[in-house]
Amino acid sequence: RAVSFTSATANGTASAGSDYTAHSNIVRTINPGLQTLTVLVPVLDEAGTVLDLARRVRDAIVPLGLSYEIIFVDDGSRDATCERVREARAIDPNVKLVRLRRNFGKAAALTAGFDIASGRLIVTLDGDLQDDPEEIPRMLETLEQGGFDLVSGWKQERKDPLTKTLPSLLFNWATRKVAQVDLHDFNCGFKVYRREVLEEVPIYGELHRYIPVLASRRGFAVGELAVRHHPRRHGVSKYGWDRFYKG
């Protein structure tokens, strides 16, 4: 079944339906000769997931026929994350590594990746495999067919403990009320952007959480798509309660 979505509303947002689709027509939707894709993954102590994540991202996007790169930004890992990224690059030379000197935080890691990204389309997702790389074609399809400039994932059935879901619900409710942007999940790291959005929206501090709001304010069309979410299989969450205070 095709993804359902509405056209952009007056405040620049729209919501996509939660139906999953086989992406058989995505290659016809995105012209491979005109588009390049960057998949950007900030990582912190994710040695247990990097190789599998790189493989699954590659398997999801190679059938689309797009030129692509996968950028891992290491945000000061103390485990073997960088070594695993280098192993992934030995398998696929489209894998790249940016290594920060220490842990600067997710916004800094994203900014470092955006600065070197070559894609006209840029996908961001977390490095813990809770975001599902197989959803990337559906995100791209929604962006193109919906005429959006940014599509934000919505972890509609979130597989996290209450210590993460309850603060997130409060954050999303408050942001939705104050910003008047009708998204369910501002905090979801799984997004796809047109390059023009990131060229106009500055990111620092914790502003990465508000990119849909800032983009909407600048007149970009913002959509939302319900995406699959998985329980964490390796390690623990690296960003704690202080992220909501900073946000």
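Structural data are supplied above this passage.
The paragraphs below set out a description of the structure included in this document. Because the structure is predicted, anything quoted here is derived from the model rather than measured. (Residues numbered from 1 in each chain as written. Predicted model: local features only at pLDDT ≥ 70, side-chain atom pairs only at ≥ 80, totals over all residues. Heavy atoms only, no water.)

Counting its secondary structure elements, the chain contains 9 helices and 8 strands. Taken across its 247 residues, the chain has 55% of its residues classed as buried. In the chain, once contacts between residues fewer than 6 apart in sequence are set aside, the share between residues at least 24 apart is 79%. Looking at the chain as shown, the accessible area adds up to about 11100 Å², and 53% of this sits on carbon and sulfur atoms. (Helix = DSSP H or I, 4+ residues; strand = E, 2+ residues; numbered from the N terminus. Buried < 20%, exposed > 50% of the residue type's maximum accessible area, 1.4 Å probe, protein only. Contact = heavy atoms within 4.5 Å. Areas by Shrake-Rupley, 256 points an atom, 1.4 Å probe, with all protein chains shown as cover.)

A separate point is helix H4 (residues 106-116). Those residues of H4 not exposed but buried are Lys106, Ala107, Ala109, Leu110, Ala112, Gly113 and Phe114. Against strand E2 (36-43), strand E3 (67-74), strand E4 (95-99), strand E5 (121-124), strand E7 (191-194) and helix H7 (195-200) lie the buried residues of H4.

Attention now moves to helix H5 (residues 136-146). A large share of H5 lies buried, amounting to 8 of its 11 residues. Where H5 ends, the next residue or the one after it, glycine 147, has phi of about 70°, a positive value.

As for its placement among the helices and strands, aspartate 131 is situated in the loop between E5 and H5. We note that aspartate 131 is buried and unpaired, the nearest opposite charge coming from lysine 155 at a distance of 5.6 Å. Ignoring sequence-local partners within four residues, the contact set of aspartate 131 consists of Leu125, Asp126, Gly189, Phe190 and His229. (Lys, Arg positive; Asp, Glu negative; His and termini not counted. Salt bridge = Lys/Arg side-chain N within 4 Å of Asp/Glu carboxyl O.)

Further remarks concern the pattern of salt bridges. What the rule picks out here adds up to 15 salt bridges. Here aspartate 132 makes a salt bridge to arginine 56, at a shortest N to O gap of 3.3 Å. Pair noted here: aspartate 132 is in the loop between E5 and H5 and arginine 56 is in helix H2 (residues 50-61), with a separation of 76 residues, a long-range link. On the accessibility criterion, aspartate 132 (5% relative accessible area) is buried. Between arginine 228 and aspartate 132 there is a salt bridge, and its shortest N-O distance comes to 3.2 Å. Here arginine 228, found in the loop between strand E8 (222-226) and helix H9 (242-246), pairs with aspartate 132, found in the loop between E5 and H5; they are 96 residues apart in sequence, far enough to count as distant. Residue classification places arginine 228 among the partly exposed residues on the basis of a relative accessible area of 30%. Several salt bridges share partner residues, and in doing so they unite Arg56, Asp132, Glu134, Glu135, Arg138 and Arg228 into one network.

At a minimum axis distance of 8 Å, the contact between H2 and helix H3 (residues 81-91) shows a crossing angle of 35°. In the crossing of H2 with H3, the sense of the turn from one axis to the other is right-handed. Between H2 and H3, the residues in contact are Val50, Leu51, Ala54 and Arg58 and Thr81, Arg84, Val85, Glu87, Ala88 and Ile91, respectively. (Axes fitted to C-alpha atoms, helices over the stretch in contact; angles between N-to-C directions. Left-handed = near helix turned anticlockwise from the far one by under 90°.)

Attention shifts here to the pairing of E5. Sheet faces and side chains relate simply in a regular strand, where the side chains alternate between the two faces. Covered by surrounding structure in E5 are Leu121 and Val123 together with Ile122 and Thr124, the residues of both alternating faces. The pairing of E2 with E5 spans 4 bridges and is parallel. Its bridge partner being in E5, threonine 38 is matched across the sheet by isoleucine 122. Where E5 and E7 come together, 4 bridges link them in antiparallel fashion. Looking at E7, one finds that valine 123 is bridged to valine 192. (Pairing = 2+ DSSP bridges.)

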